[in-house]
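Summary of the model geometry
Listed here are the chains, written in short residue letters.
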Amino acid sequence: MNNRTMQEMNEQYKDCPVQVNEYEVGGRHYRVHSHFIGDKDINDVMYRYAKDRAMSEMLGLVPTAKSA
């Protein structure tokens, strides 16, 4: 288990690149802060997130996105 404090993680990753992007999805604005600290493939991460979200919506665990 990870028992590091936020200050410890900030210090550890202070020299890593950070990118901020803003997106609009379904009329809502989102700001994404990307902290590049490892070697994960963003395509794999986004695919897993989308799959998990879709399954949660189908099972009724989260509200579905409303279409315009």
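Residues numbered from 1 in each chain as written. Predicted model: local features only at pLDDT ≥ 70, side-chain atom pairs only at ≥ 80, totals over all residues. Heavy atoms only, no water.

**Quick word on the overall build of the chain**
Of regular secondary structure, the chain possesses two helices and two strands. Beginning at the N terminus, the succession of helices and strands in the chain can be written as α-β-β-α. Over its C-alpha atoms the chain spans a radius of gyration of 16 Å, topping by over 25% the 11 Å that the globule rule assigns to 68 residues. C-alpha extents for the chain along the principal axes are approximately 40 × 30 × 20 Å. Taking all 68 residues of the chain together, the buried fraction comes to 0%. Expressed as a percentage of contacts within the chain between residues at least 6 apart in sequence, the contacts between residues at least 24 apart total 3%. (Helix = DSSP H or I, 4+ residues; strand = E, 2+ residues; numbered from the N terminus. Rg over C-alpha atoms; globule rule 2.2 N^0.38 Å. Buried < 20%, exposed > 50% of the residue type's maximum accessible area, 1.4 Å probe, protein only. Contact = heavy atoms within 4.5 Å.)

**Considerations on a nonpolar patch on the surface**
A cluster of nonpolar residues, Tyr23, Val25, Tyr30 and Val32, forms a patch on the protein surface that exposes about 360 Å² of accessible area. For the nonpolar patch, the secondary structure elements donating two or more residues are strand S1 (18-25) and strand S2 (28-35). Within the secondary structure, tyrosine 23 sits in strand S1. Residue class for tyrosine 23 comes out partly exposed when judged on its relative accessible area of 42%. (Patch = residues over 30% accessible without salt bridge, like charges linked within 9 Å, V, L, I, M, F, W, Y side chains within 5 Å. Areas by Shrake-Rupley, 256 points an atom, 1.4 Å probe, with all protein chains shown as cover. Salt bridge = Lys/Arg side-chain N within 4 Å of Asp/Glu carboxyl O.)

**A look at helix H2 (residues 42-58)**
Taking 1.5 Å as the rise per residue, H2 with 17 residues should run 24 Å; its terminal C-alpha atoms sit 24 Å apart, in good agreement. Looking at where H2 begins, the residue whose side-chain oxygen comes 3.0 Å from the main-chain nitrogen of asparagine 43 is aspartate 41. (Expected span 1.5 Å × (residues − 1). Polar contact = N/O pair within 3.5 Å; in protein donor to acceptor, adjacent residues only side chain to side chain.)

**So, the pairing of S2**
Taken across its eight residues, S2 has zero buried, putting it largely on the surface. Relative to S2, S1 runs antiparallel, the two sharing eight bridges. Looking across to S2, one finds that valine 25 is bridged to arginine 28. The antiparallel pairing of S1 with S2 creates a hairpin that spans two residues between the two strands, and glycine 26 there sits at a positive phi of about 60°. (Pairing = 2+ DSSP bridges.)

**Details of the pattern of salt bridges**
Summed over all chains, the structure comprises three salt bridges. Residue glutamate 22 is joined to arginine 31 by a salt bridge in which the shortest nitrogen-to-oxygen separation is 3.0 Å. Taken individually, glutamate 22 and arginine 31 each receive the classification exposed, so the pair is uniform in this respect. In this structure, the salt-bridge partner of glutamate 57 is arginine 53, at a minimum N-O distance of 3.0 Å. Here glutamate 57 and its partner arginine 53 are both found in helix H2, four residues apart, which amounts to about one turn of the helix. Accessibility expressed as a relative area gives 24% for glutamate 57, which makes it partly exposed. Residue classification places arginine 53 among the partly exposed residues on the basis of a relative accessible area of 34%.

By themselves these figures say nothing about function.
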